[in-house]
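This is what each chain is made of:
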Amino acid sequence: MSGKATEIIELLSPTVVALGLELLGVEFSPTGTSAMLRLYIDAPGRLVAIEDCEAVSREVAAVLDVNDPITSAYTLEVSSPGIDRPLFTAEQFGRFIGEQARVTLRMAQDGRRRFQARITGVEGDDVLLAHEAGDMRIAHDNIEKARLVPDLVALGLAAQPKPSGPGGTRRKTPKNES
């Protein structure tokens, strides 16, 4: 996370917590003369409602106006984490042990910067992952971006894959054959 993103989290977190919500993290993307500030919030024990996003937007906009941490014009966006939840802290990785995550590193490790792996644990500030090439230990500071990979079948949003291999594939009969 950038220094600006960390500064913004420290500034806005008390306001979000006062609304009974959690500030998971922020994405700050400066581009030329403007910027995008996206806040991800969570509602412990329930889904995030549009009213939660509206309330956070209203309250943090006031805090940002008073403290003015962003010197350029910017767009403020408040979002729920969604099913492909971003992971910003080592603690958040710890909440999802056993889940698959798509991870992008700042500096390559074992010759790779991007991969998908199962979260197996957290030790201090290190995230432990099981990858096809073996187990990995990654310093959280080296993680540029991470998101959970939703299991669409388990969520009931996709059909169970058909078995493949011997006996598992079917030949489609062309219409002109009987």
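Presented here is a report on the structure given in the accompanying data block. (Residues numbered from 1 in each chain as written. Predicted model: local features only at pLDDT ≥ 70, side-chain atom pairs only at ≥ 80, totals over all residues. Heavy atoms only, no water.)

**Thoughts on helix α1 (residues 3-18)**
Formally: The way it works is that DSSP assigns letters per residue, a run of H or I at least four long becomes a helix, a run of E at least two long becomes a strand, and they are numbered from the N terminus. One less than the residue count of a helix, multiplied by 1.5 Å, gives the span that helix is expected to have. To get the bend at a given residue, fit one axis to the seven residues ending there, fit another to the seven starting there, and take the angle between those axes. Accessibility here uses a 1.4 Å probe with only protein chains present; expressed as a share of the type maximum, an area under 20% marks a residue as buried, one over 50% as exposed, and anything in between as partly exposed. We call two residues in contact when some of their heavy atoms are within 4.5 Å.
For α1, with 16 residues, the first-to-last C-alpha span of 24 Å sits near the 22 Å given by 1.5 Å per residue. The principal kink in α1, of about 40°, is found at L12, preceding the proline P14 by one to four residues. Listing the buried residues of α1 in full gives A5, I8, I9, L12, T15 and V16. Elements that come into contact with the buried residues of α1 comprise β1 (22-31), β2 (34-42) and α2 (50-67). Looking one or two residues past α1, G20 carries a phi angle of roughly 80°, positive in sign.

**Describing the sheet that holds strand β7 (residues 134-139)**
Put simply, the rule reads: Only strands that DSSP links by at least two bridges are regarded as paired with each other. Every axis in this analysis is a line fitted to C-alpha atoms, fitted for helices over the stretch in contact. Angles between the N-to-C directions lie between 0 and 180 degrees.
If you trace the five strands from one edge of the open sheet to the other, you get β7-β6-β5-β4-β8, paired in antiparallel fashion. Unpaired on one side and paired on the other, β7 and β8 (143-148) mark the two borders of the sheet. Pairwise comparison of adjacent strand axes, ignoring direction, gives a mean angle of 40° for this sheet. Note that strand β4 (residues 100-109) and strand β5 (residues 112-123) share six bridges and pair antiparallel. Bridge pairing links R102 to Q116 in β5.

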